[in-house]
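Letter by letter, the chains look like this.
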Amino acid sequence: MGFTFTTADYADYLQRAAARIAAQKDYVSALDAATGDGDHWANLNLGFGALLEQADALRGLGFSAMFRKIGMTLMSRVGGSSGILYGGGYQAAGRAMPEGSEATLPQLAEALSAMLADMMKRGQAQPGFKTMIDALHPAVGALKEALESGEGPEGALSAMRRAALAGAEATRGMEAVKGRASYQADKGVGHLDPGAVTMAWQLDELGAALLGKGAA
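Just so it is clear, the structure is predicted and the values come from calculations on it, not from any experiment.

(A) Main features of the nonpolar core. Judged by nonpolar contacts, the single largest core of 64 residues is most densely connected at Phe 5, Tyr 10, Leu 14, Phe 67, Ile 70, Tyr 90 and Met 119. With near-sequence residues (within four places) excluded, Leu 14 lies in contact with Phe 48, Leu 51, Leu 52, Leu 58, Ile 70 and Tyr 90.

Below is the structure:
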(Lines give C-alpha, C1' and ligand atoms only; values in the text may rest on other atoms or scores of the structure.)
Protein backbone atom coordinates (compact mmCIF):
# COMPACT_ATOMS: atom_id res chain seq x y z
CA MET A 1 0.00 0.00 0.00
CA GLY A 2 1.25 3.50 -0.78
CA PHE A 3 1.93 6.32 1.64
CA THR A 4 -1.14 7.50 3.52
CA PHE A 5 -1.76 9.65 6.57
CA THR A 6 -4.68 10.00 8.95
CA THR A 7 -6.64 12.72 10.68
CA ALA A 8 -4.69 11.81 13.83
CA ASP A 9 -1.48 12.57 11.93
CA TYR A 10 -2.90 15.91 10.83
CA ALA A 11 -3.90 16.71 14.41
CA ASP A 12 -0.29 15.99 15.41
CA TYR A 13 0.81 18.47 12.75
CA LEU A 14 -1.52 21.13 14.17
CA GLN A 15 0.15 20.71 17.55
CA ARG A 16 3.59 21.15 15.98
CA ALA A 17 2.53 24.23 14.05
CA ALA A 18 0.85 25.76 17.10
CA ALA A 19 3.98 25.23 19.20
CA ARG A 20 6.24 26.80 16.57
CA ILE A 21 4.01 29.84 16.18
CA ALA A 22 3.62 30.26 19.95
CA ALA A 23 7.39 30.23 20.45
CA GLN A 24 7.99 33.01 17.91
CA LYS A 25 5.92 35.82 19.40
CA ASP A 26 8.69 38.42 19.49
CA TYR A 27 10.06 37.58 16.05
CA VAL A 28 6.72 37.60 14.22
CA SER A 29 5.50 40.68 16.08
CA ALA A 30 8.68 42.53 15.10
CA LEU A 31 8.21 41.54 11.45
CA ASP A 32 4.62 42.73 11.54
CA ALA A 33 5.46 45.96 13.31
CA ALA A 34 7.80 46.83 10.44
CA THR A 35 5.21 46.31 7.70
CA GLY A 36 1.77 45.95 9.29
CA ASP A 37 -0.19 46.69 12.43
CA GLY A 38 1.64 44.27 14.70
CA ASP A 39 -1.21 41.88 15.50
CA HIS A 40 -0.53 38.98 13.12
CA TRP A 41 1.11 36.77 15.75
CA ALA A 42 -1.58 37.42 18.36
CA ASN A 43 -4.38 36.61 15.94
CA LEU A 44 -2.79 33.46 14.51
CA ASN A 45 -1.69 32.22 17.92
CA LEU A 46 -5.24 32.65 19.20
CA GLY A 47 -6.59 30.62 16.29
CA PHE A 48 -4.15 27.76 16.69
CA GLY A 49 -4.73 27.76 20.43
CA ALA A 50 -8.42 27.22 19.74
CA LEU A 51 -7.56 24.31 17.45
CA LEU A 52 -5.52 22.69 20.21
CA GLU A 53 -8.52 22.92 22.52
CA GLN A 54 -10.46 20.89 19.94
CA ALA A 55 -7.67 18.39 19.24
CA ASP A 56 -9.48 15.31 20.55
CA ALA A 57 -12.67 16.15 18.67
CA LEU A 58 -10.75 16.83 15.45
CA ARG A 59 -9.00 13.45 15.65
CA GLY A 60 -12.38 11.73 15.61
CA LEU A 61 -13.55 13.34 12.37
CA GLY A 62 -13.04 12.36 8.76
CA PHE A 63 -10.81 14.63 6.71
CA SER A 64 -13.51 16.65 4.98
CA ALA A 65 -15.33 17.37 8.23
CA MET A 66 -12.03 18.01 10.03
CA PHE A 67 -10.92 20.64 7.53
CA ARG A 68 -14.32 22.32 7.57
CA LYS A 69 -14.19 22.44 11.37
CA ILE A 70 -10.68 23.91 11.28
CA GLY A 71 -11.90 26.51 8.81
CA MET A 72 -14.86 27.54 10.94
CA THR A 73 -12.67 27.79 14.01
CA LEU A 74 -10.01 29.92 12.35
CA MET A 75 -12.60 32.17 10.73
CA SER A 76 -14.21 32.85 14.10
CA ARG A 77 -11.07 33.16 16.21
CA VAL A 78 -8.44 34.75 13.97
CA GLY A 79 -9.01 38.46 13.52
CA GLY A 80 -8.73 40.56 10.39
CA SER A 81 -8.30 39.32 6.86
CA SER A 82 -6.19 36.34 7.95
CA GLY A 83 -9.18 34.72 9.64
CA ILE A 84 -11.30 35.05 6.51
CA LEU A 85 -8.51 33.74 4.28
CA TYR A 86 -7.60 30.78 6.49
CA GLY A 87 -11.22 29.99 7.21
CA GLY A 88 -12.28 30.04 3.58
CA GLY A 89 -9.11 28.24 2.52
CA TYR A 90 -9.71 25.33 4.86
CA GLN A 91 -13.38 25.15 3.86
CA ALA A 92 -12.31 24.83 0.22
CA ALA A 93 -9.63 22.28 1.10
CA GLY A 94 -12.21 20.27 3.02
CA ARG A 95 -14.32 19.93 -0.09
CA ALA A 96 -11.31 18.42 -1.87
CA MET A 97 -10.42 15.94 0.88
CA PRO A 98 -11.97 12.48 1.34
CA GLU A 99 -14.78 11.87 3.80
CA GLY A 100 -12.81 9.16 5.59
CA SER A 101 -9.95 9.45 8.07
CA GLU A 102 -7.18 8.43 5.66
CA ALA A 103 -5.70 10.38 2.74
CA THR A 104 -2.88 10.24 0.22
CA LEU A 105 -0.33 12.86 -0.80
CA PRO A 106 -2.03 13.47 -4.19
CA GLN A 107 -5.24 14.18 -2.27
CA LEU A 108 -3.35 16.57 0.01
CA ALA A 109 -1.90 18.32 -3.04
CA GLU A 110 -5.39 18.82 -4.47
CA ALA A 111 -6.67 20.12 -1.14
CA LEU A 112 -3.80 22.59 -0.84
CA SER A 113 -4.46 23.67 -4.43
CA ALA A 114 -8.09 24.34 -3.51
CA MET A 115 -6.96 26.28 -0.44
CA LEU A 116 -4.59 28.35 -2.56
CA ALA A 117 -7.24 29.15 -5.17
CA ASP A 118 -9.74 30.20 -2.51
CA MET A 119 -7.22 32.41 -0.70
CA MET A 120 -6.16 34.08 -3.94
CA LYS A 121 -9.78 34.75 -4.89
CA ARG A 122 -10.85 36.04 -1.48
CA GLY A 123 -7.75 38.12 -0.97
CA GLN A 124 -7.53 39.23 -4.61
CA ALA A 125 -3.84 38.39 -4.38
CA GLN A 126 -1.35 36.86 -6.76
CA PRO A 127 2.18 35.48 -6.28
CA GLY A 128 4.55 38.40 -5.93
CA PHE A 129 2.11 40.59 -3.96
CA LYS A 130 4.11 40.01 -0.72
CA THR A 131 1.50 37.94 1.13
CA MET A 132 1.08 34.42 2.50
CA ILE A 133 0.40 33.35 -1.10
CA ASP A 134 4.11 33.72 -1.77
CA ALA A 135 4.81 30.76 0.52
CA LEU A 136 1.77 28.63 -0.32
CA HIS A 137 1.88 28.98 -4.11
CA PRO A 138 5.43 27.66 -4.66
CA ALA A 139 4.91 24.94 -2.04
CA VAL A 140 1.82 23.61 -3.80
CA GLY A 141 3.59 23.75 -7.14
CA ALA A 142 6.63 21.92 -5.83
CA LEU A 143 4.55 19.19 -4.18
CA LYS A 144 2.47 18.58 -7.30
CA GLU A 145 5.48 18.63 -9.60
CA ALA A 146 7.37 16.17 -7.40
CA LEU A 147 4.43 13.78 -7.24
CA GLU A 148 3.85 13.99 -10.99
CA SER A 149 7.53 13.21 -11.64
CA GLY A 150 7.33 10.07 -9.49
CA GLU A 151 9.06 11.32 -6.37
CA GLY A 152 8.39 9.33 -3.21
CA PRO A 153 6.91 10.81 -0.03
CA GLU A 154 10.24 12.04 1.32
CA GLY A 155 11.21 13.78 -1.90
CA ALA A 156 7.78 15.32 -2.47
CA LEU A 157 7.31 16.60 1.07
CA SER A 158 10.86 17.87 1.25
CA ALA A 159 10.32 19.78 -2.00
CA MET A 160 7.18 21.33 -0.54
CA ARG A 161 9.00 22.40 2.62
CA ARG A 162 11.93 23.93 0.74
CA ALA A 163 9.69 25.81 -1.64
CA ALA A 164 7.56 27.25 1.16
CA LEU A 165 10.55 28.54 3.11
CA ALA A 166 12.22 29.91 -0.02
CA GLY A 167 8.97 31.61 -1.00
CA ALA A 168 8.72 33.35 2.34
CA GLU A 169 12.33 34.49 2.11
CA ALA A 170 11.69 35.89 -1.37
CA THR A 171 9.17 38.36 0.05
CA ARG A 172 12.08 40.35 1.46
CA GLY A 173 12.74 41.83 -1.98
CA MET A 174 9.08 42.31 -2.99
CA GLU A 175 7.01 45.47 -3.01
CA ALA A 176 3.75 45.00 -1.14
CA VAL A 177 0.60 45.28 -3.25
CA LYS A 178 -1.82 44.45 -0.43
CA GLY A 179 -2.03 45.39 3.24
CA ARG A 180 -0.55 48.19 5.28
CA ALA A 181 2.93 47.75 3.84
CA SER A 182 1.60 48.82 0.44
CA TYR A 183 1.03 52.31 1.86
CA GLN A 184 4.59 52.72 3.06
CA ALA A 185 7.08 54.70 1.02
CA ASP A 186 9.33 51.65 0.58
CA LYS A 187 6.40 49.24 0.07
CA GLY A 188 7.97 46.97 2.68
CA VAL A 189 11.03 46.19 0.55
CA GLY A 190 13.78 44.75 2.73
CA HIS A 191 11.35 43.16 5.20
CA LEU A 192 9.90 39.66 5.22
CA ASP A 193 6.14 39.38 5.05
CA PRO A 194 4.94 37.92 8.39
CA GLY A 195 2.00 36.13 6.79
CA ALA A 196 4.29 34.39 4.33
CA VAL A 197 6.67 33.44 7.14
CA THR A 198 3.98 31.85 9.31
CA MET A 199 2.46 30.09 6.30
CA ALA A 200 5.87 28.68 5.43
CA TRP A 201 6.31 27.44 8.99
CA GLN A 202 2.98 25.63 8.81
CA LEU A 203 3.92 23.90 5.57
CA ASP A 204 7.36 23.06 6.94
CA GLU A 205 5.82 21.48 10.04
CA LEU A 206 3.22 19.64 7.94
CA GLY A 207 5.94 18.05 5.85
CA ALA A 208 8.00 17.18 8.91
CA ALA A 209 5.01 15.69 10.73
CA LEU A 210 3.99 13.49 7.82
CA LEU A 211 7.55 12.33 7.18
CA GLY A 212 8.00 11.56 10.86
CA LYS A 213 4.91 9.36 11.13
CA GLY A 214 6.77 6.40 9.65
CA ALA A 215 3.95 5.14 7.44
CA ALA A 216 4.70 3.49 4.11
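(B) Quick look at the environment of Ala 176. Relative to the elements of secondary structure, Ala 176 occurs in the loop between α9 (153–170) and α10 (194–212). Taking relative accessible area as the criterion, Ala 176 reaches 6% and is therefore assigned buried. Along the sequence, Ala 176 and Asn 43 sit 133 residues apart, while their C-alpha atoms lie 21 Å from each other.

(C) Spotlight on the packing of aromatic side chains. Scanning the entire structure with this criterion turns up seven aromatic pairs. Between Phe 5 and Phe 63, the aromatic rings sit 5.3 Å apart at their centres with planes inclined by 75°, giving edge-to-face as the arrangement. Note that Phe 5 is positioned in strand β1 (residues 4–6) and Phe 63 in helix α5 (residues 63–77), a separation of 58 residues in sequence. We classify Phe 5 as buried; its relative accessible area is 0%. An angle of 65° between the planes, with centres 5.0 Å apart, marks the rings of Tyr 10 and Tyr 13 as edge-to-face. With Tyr 10 and Tyr 13 both in helix α1 (residues 7–22), this residue pair falls three residues apart, about one helical turn. Take Tyr 10: its relative accessible area is 3%, and that puts it in the buried class.

Calculation rules
- Residues numbered from 1 in each chain as written.
- Predicted model: local features only at pLDDT ≥ 70, side-chain atom pairs only at ≥ 80, totals over all residues.
- Heavy atoms only, no water.
- Core = buried A, V, L, I, M, F, W, Y, C linked by side-chain atoms within 4.5 Å.
- Buried < 20%, exposed > 50% of the residue type's maximum accessible area, 1.4 Å probe, protein only.
- Contact = heavy atoms within 4.5 Å.
- Helix = DSSP H or I, 4+ residues; strand = E, 2+ residues; numbered from the N terminus.
- Phe/Tyr/Trp six-rings, centres within 6.5 Å; stacked < 30°, edge-to-face > 60°.

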